[in-house]
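# Descriptive analysis of the structure
Below, each chain spelled out in residue letters.
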Amino acid sequence: MFDKTYTKELTKRRTFAIISHPDAGKTTITEKMLFFGKAIHISGVIKGRGNQKYAKSDWMNIEKARGISVTTSVMQFTYKNILINLLDTPGHQDFSEDTYRILTAVDCCLVIIDAAKGIEERTKKLIEVTRIQNTPIITFINKLDRDSREPISLLDEIEKELTMNCVPITWPISCGKNFQGVYHLYEKKIYFYKNKLVKKQSFFLDDFTDFSNSVFLKKMIGSDLYEYIYQELELIIHIYSKFNHKNFLQAIDTPIFFGSALGEFGIDHILNSLINWAPSPLYRKSNKRQVNPQEKKFTGFIFKIQANMDLKHRDRIAFMRIVSGQYKKGMKLKHIRIKKYITISDAFSFLAGERISIKEAYPGDIIGLHNHGTIKIGDTFTEGEDLKFIGIPIFAPEIFRQICLQNPLKQKQLKKGLIELSEEGTIQVFRPIMNNYCILGAIGILQFDVVIERLKIEYNIDAIYKKVNIILARWIRFKNDHSINDFKKKYSSYIAYDTNNSLIYLAPSVANLHIVMTQNTDIFFDKIRE
Ligand code: G4P
């Protein structure tokens, strides 16, 4: 039986990530949420404005130079007694592989949409990933203080692109210079946006036809706008379904909120929805069985490895999502892949780059472990049970380069550096079976720049890239073992090993891959590897 404290700790946790297209307002919202959660005292710590820009993640020169966020951090804060784990995701699309893996560690996602732009390309791609796992989604339509698209047309687009039903929880009263606030359809309240005439920031309005209320409101927002919003609300109440918690948890419906992150407006509405509706820590699937957070024995998996979080320490931290049981400082855990017990003498939690040593942690929490080269992405830790969590994907790279040393005597260091960087998921490394050199594979071009920069700074290696004639890669799995050698012989110049010693086919063209696939129907060509 579980003790009460354990159950209480479980029910008070929420673990989520914010996803959006760059510039939709993810950083601003993160910052405001931390502010509401009193985790920071001045807005601006996450991505300070002006001179302080990139205060959070100045871990790498490349981030500073290009003004992008390469790395990911985890933030923990409390809001109304609920402990929230917020996983930040890299802002730049070239690091989307990292984001995909982070999404395996959360139980809910907040999608931010720019009200003037609607669903943008990156949001669409990220949402597709959340759909694989049916992660519940809360949607926030941001920047209503600017001219925006018609809310109904935005919702039409969301329904089409997300393949989810929209359930408006708040509804905007105009936008841009005329933005008055939102009507909360369930609280039956108008929340005013910076209206100097209104003393209270919210106004209870059960019925728009109520005479005294309508006189007051007409004065506040103008008769025309009043008539317009009254009619619009009548319409939307009929066209959109009512909020249904079960449908939200099953990712059939997404609740919709409107606001302005910059104006700090609507943030409390999303925080309330997170604490009231988002699931407490969920189960995860393993190769043997489903592991439930209520189980007392500790289990967890690694979804990210981060180097140089603190340049003073020059270390690598493995991020673990706790699936079940309680972490206690000094506990012994079995590292399933290497079949060894490890004593965890120190684990960290994080706040905007700051690490805090922790004594205990529960399911849903993300803890950081020191990694001395033994931990890889996807590794499982348990108190002894031999199981492996599944569903932490590696995606086939889409861009390829051959890496060449400026000083050929540094071969050994290069090998070490590349292995370590590939274990972190920074880059994928392939050894062609016919050659001695290394091919690097990435999803985004900036990943290559990060590798060159890090090889130089951390391993003292000068390297450059050569273009290679590869445009697609697929991992190969054989239905019958006897076909392996024939296939390897026939296509030797296109086959390589990855760092996991899995075989991968590196195709020079789409047509080439197509022909090989049609000629070898007894082989699987996989786009994703577990
Ligand atoms: P991101 O992390 O999703 O990339 O977006 P971020 O929060 O950095 O916001 C992108 C830009 O949009 C920023 O302006 C930010 O101030 C602005 N922004 C965010 N939310 C709102 C909002 O509700 N209303 C308005 N009007 N603007 C908003 P910037 O000029 O690019 O950067 P900065 O100089 O303000 O940091």
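Please read these numbers as outputs of a predicted model, since none were measured by experiment. (Residues numbered from 1 in each chain as written. Predicted model: local features only at pLDDT ≥ 70, side-chain atom pairs only at ≥ 80, totals over all residues. Heavy atoms only, no water.)

Moving on: unusual backbone geometry. For lysine 143, which is not a glycine, the phi torsion comes out positive at approximately 70°. Along the polypeptide, lysine 143 turns up in the loop between strand S5 (137-142) and helix H6 (151-162). Note on lysine 143: relative accessible area 16%, which makes it buried. (Helix = DSSP H or I, 4+ residues; strand = E, 2+ residues; numbered from the N terminus. Buried < 20%, exposed > 50% of the residue type's maximum accessible area, 1.4 Å probe, protein only.)

With that settled, the discussion passes to the nonpolar core. Ranked by internal contacts, the top residues of the largest apolar core, which has 82 residues, are Leu87, Ile141, Leu155, Ile158, Trp171, Tyr327 and Ile367. Residue contributions to this core peak at 6 residues, all from strand S15 (residues 316-324). For isoleucine 158, the residues in contact, after removing those within four places along its chain, are Ile113, Ile119, Thr139, Ile141, Thr163, Cys166 and Ile256. Ranked by size, the runner-up nonpolar core spans 30 residues in total, among them Tyr79, Ile82, Ala261 and Leu271. (Core = buried A, V, L, I, M, F, W, Y, C linked by side-chain atoms within 4.5 Å. Contact = heavy atoms within 4.5 Å.)

Over its 12 residues, helix H5 (residues 121-132) runs 18 Å from end to end, which matches the ideal 16 Å to within 8%, given 1.5 Å per residue. For H5, the set of buried residues is Arg122, Thr123, Leu126, Ile127, Val129 and Thr130. Viewed end-on, H5 has its buried residues packed into an arc of 150°, placing them on one side of the element. Looking at H5, the residues exposed on the side facing more than 90 degrees away from the buried face are Glu121 and Ile132. Just downstream of H5 lies asparagine 134, where phi reads positive at about 55°. (Expected span 1.5 Å × (residues − 1). Arc of directions from axis to C-beta.)

In terms of burial, S15 is a largely internal element, 9 of the 9 residues being buried. Summarising the sheet, strand S14 (residues 299-307) and S15 pair through 8 bridges and their orientation is antiparallel. Looking at the pairing, lysine 304 lines up with phenylalanine 319 of S15. Strand direction decides the pairing type here: S15 and strand S22 (residues 366-370), joined by 5 bridges, are antiparallel. Pairing of methionine 320 across the sheet is with isoleucine 367, part of S22. (Pairing = 2+ DSSP bridges.)

The next subject is the packing of aromatic side chains. Evaluated as defined, the whole model comprises 21 aromatic pairs. Relative to tyrosine 491, the ring of phenylalanine 487 has its centre 4.7 Å away and its plane inclined at 40°; by these criteria the two rings are tilted. By relative accessible area, which is 8% here, tyrosine 491 ends up buried. Between tyrosine 491 and tyrosine 505, the ring centres sit 6.1 Å apart and the planes meet at 75°, which makes this aromatic pair edge-to-face. Residue tyrosine 491 is located in the loop between helix H13 (483-490) and strand S30 (495-498), and its partner tyrosine 505 is located in strand S31 (residues 503-507); the two are separated by 14 residues in the primary sequence. Neither residue differs from the other here; tyrosine 491 and tyrosine 505 are each classed as buried. A network of ring pairs unites the aromatic residues Phe478, Phe487, Tyr491, Tyr494, Tyr505 and Phe525 as a single cluster. The ring of phenylalanine 448 has arginine 401 lying over it, and the distance from NZ or CZ to the ring centre is 5.3 Å. Here the basic side chain of lysine 479 rests over the ring of phenylalanine 524, its NZ or CZ set 4.8 Å away from the ring centre. (Phe/Tyr/Trp six-rings, centres within 6.5 Å; stacked < 30°, edge-to-face > 60°. Lys NZ or Arg CZ within 6 Å of the ring centre and 35° of its normal.)

With that settled, the discussion passes to the pattern of salt bridges. Counted according to the given criterion, the structure contains 23 salt bridges. Between aspartate 462 and lysine 456 there is a salt bridge, and its shortest N-O distance comes to 3.0 Å. Each of the salt bridges in this network shares a partner with another, and the network as a whole consists of Arg316, Glu423, Glu424, Arg454 and Glu458. (Salt bridge = Lys/Arg side-chain N within 4 Å of Asp/Glu carboxyl O.)

On to the environment of glutamate 120, then. Along the chain, glutamate 120 turns up in the loop between strand S4 (108-114) and H5. Sequence separation between glutamate 120 and proline 22 is 98 residues; the distance between their C-alpha atoms is 9.2 Å. Sequence-distant contacts of glutamate 120, defined by excluding residues within four places in its chain, comprise His21 and Asp114.

Now for the sheet that holds S5. In spatial order, the strands read S2-S3-S1-S4-S5-S11-S6; together these 7 strands make up an open sheet with mixed pairing. Edge positions in the sheet fall to strand S2 (74-79) and strand S6 (165-168), since each of these pairs with one other strand and no more. Each neighbouring strand pair of the sheet contributes to a mean axis angle of 30°, computed without reference to strand direction. Bridge count for S4 against S5 is 6 bridges, and the pairing is parallel. From the neighbouring strand, valine 111 faces S5, where its bridge partner is threonine 139. (Axes fitted to C-alpha atoms, helices over the stretch in contact; angles between N-to-C directions.)

What sets the pattern is the α-helix's 3.6 residues per turn: residues three or four places apart point alike. Taking 1.5 Å per residue, 12 residues should reach 16 Å; H6 reaches 16 Å between its end C-alpha atoms and fits that length. Every buried residue belonging to H6 is among Pro151, Leu154, Leu155, Ile158 and Leu162, and all of these are buried. All buried residues of H6 lie within an arc of 95° about the axis, which places them on one face of the element. Those residues of H6 that are buried lie in contact with S4, H5, S5, S6, strand S7 (170-173) and strand S11 (253-258).

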